[in-house]
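# Topology and contacts: notes
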Amino acid sequence: MTLTVTDLSITRGGVPVLEGLDFELEPGKALILRGPNGIGKTTLLRTLAGLQPPLAGTIAGAEDTVAYAGHSDGLKPTLSVVENLRFWASVFGARDIQAALDAYGLNDLAERHAGNLSAGQKRRLGLSRLLVTGRPIWMLDEPTVSLDRNAVAMFADAVRRHLGQGGSALIATHIDLGLDGEVLDVGPYKAKPQPIDDFDGGFL
Ligand SMILES: Nc1ncnc2c1ncn2[C@@H]1O[C@H](COP(=O)(O)OP(=O)(O)OP(=O)(O)O)[C@@H](O)[C@H]1O
């Protein structure tokens, strides 16, 4: 499934942040989102994942195809690692959680409550969820936060395998993951300030 974004404009807190975005994300490809802090990368990922509506433009190919991993890991702290994965597997209709445990080195932590994991372990569990969604398009917002070098390599391997199986990934990151992907710098798409209308202008 190809994700096609056409003339997209997005807002955060009612304020336009990016406008006029056009790009495609094809199966087997990774696209690395870059841009300075506050430019709108999170807002773009949230919009593409269907968590908020666009201001204008179209998003095609994102219906029931996107798995989103945002800043929050979304763990259930009183459930164990395997119980968290089984819960997500049941939500997405998957059966096998072993591949997710293996990919992120979680076997030794399988019975530990998610609330008792370290920050990096929590992040590994959060990312492993992507593997039980069965969704082809991954949207990842700063996925390597809290990960050590070994875990970053685990993540990069998981993405490579996903791409090799025909999946795709849109990844907002400030670090070099060593992935073979194009870069989309959203800086040039920064929304222009809105003109002051006559009513507001009357007070200035
Ligand atoms: N809840 C909110 N209400 C209003 N404005 C917000 C809200 N959340 C974020 N913003 C603003 O929206 C703009 C875009 O934020 P966003 O989080 O998408 O940027 P980003 O490119 O992901 O930044 P970073 O690299 O720091 O993660 C920023 O100027 C931010 O201050």
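This text gives an overview of the structure that appears in the document. Please read all numbers here as calculations on a predicted model, not as lab measurements. (Residues numbered from 1 in each chain as written. Predicted model: local features only at pLDDT ≥ 70, side-chain atom pairs only at ≥ 80, totals over all residues. Heavy atoms only, no water.)

## Details of the sheet that holds strand β8 (residues 182-185)
Read across the sheet, 5 strands follow the order β5-β6-β7-β3-β8 without closing on themselves; strand pairing throughout is parallel. Because the sheet does not close on itself, it has two edges, and the strands there are β5 (66-69) and β8. Each strand of the sheet is rotated relative to its neighbour by a mean of 20°, with strand direction disregarded. Pairing of strand β6 (residues 137-141) with strand β7 (residues 168-172), which is carried by 5 bridges, proceeds in the parallel orientation. When the sheet's bridge partners are listed, I137 is paired in β7 with S168. (Pairing = 2+ DSSP bridges. Helix = DSSP H or I, 4+ residues; strand = E, 2+ residues; numbered from the N terminus. Axes fitted to C-alpha atoms, helices over the stretch in contact; angles between N-to-C directions.)

## Examining empty space enclosed by the protein
Throughout the structure, instances matching the rule amount to 1 cavity of 30 Å³ or more. A volume near 50 Å³ is recorded for the largest cavity. Around the largest cavity, the lining residues are A69, G70, S72, D73, R123, G126, L127 and R129. For the lining of the largest cavity, the class distribution of residues is 2 nonpolar, 3 polar and 3 charged. (1 Å grid on protein atoms, 1.4 Å probe; cavity = no way out; pocket = protein on both sides within 12 Å on 5 of 7 lines; lining within 4 Å. Points joined across faces, edges and corners; volume = space filled by probe spheres on them. Nonpolar A, V, L, I, M, F, W, Y, C, P; charged D, E, K, R; others polar.)

## A few points about the packing of aromatic side chains
Scanning the entire structure with this criterion turns up 0 aromatic pairs. Directly above the aromatic system of W88 lies the positively charged group of R129, at a separation of 5.5 Å from the ring centroid. (Phe/Tyr/Trp six-rings, centres within 6.5 Å; stacked < 30°, edge-to-face > 60°. Lys NZ or Arg CZ within 6 Å of the ring centre and 35° of its normal.)

## Brief notes about helix α4 (residues 119-128)
Counted residue by residue, α4 has 8 buried out of 10 residues, so it is predominantly covered. Buried within α4 are the following residues: G120, Q121, R123, R124, L125, G126, L127 and S128. Buried residues along α4 sit against β5, α2 (81-92), α3 (98-103), α5 (130-133), β6 and α6 (149-164). (Buried < 20%, exposed > 50% of the residue type's maximum accessible area, 1.4 Å probe, protein only. Contact = heavy atoms within 4.5 Å.)

## Quick notes on the environment of V81
For V81, the location among the structural elements is in helix α2. Separated by 36 residues in sequence, V81 and L117 place their C-alpha atoms 9.0 Å apart. Each residue touching V81, except ones within four places of it in the same chain, is listed here: L101, L106, L109, A110, R112, L117 and L125.

## A short note on the site of the ligand
Within the structure, the ligand sits among R12, G13, V17, P36, N37, G38, I39, G40, K41, T42, T43 and H174. Contact distances for the ligand include 2.7 Å between an oxygen atom and a side-chain N or O atom of K41. With respect to the ligand, the side chain of H174 contributes an N or O atom lying 3.5 Å from an oxygen atom. Notes on the ligand: free accessible area 640 Å², of which the protein chains cover 58%. Among the elements that line the shell around the ligand, the one with the most residues is helix α1 (residues 41-48), at 3 residues. Of the residues that constitute the shell around the ligand, the class distribution is 3 nonpolar, 7 polar and 2 charged. (Near = heavy atom within 4 Å. Polar contact = N/O pair within 3.5 Å; in protein donor to acceptor, adjacent residues only side chain to side chain. Areas by Shrake-Rupley, 256 points an atom, 1.4 Å probe, with all protein chains shown as cover.)

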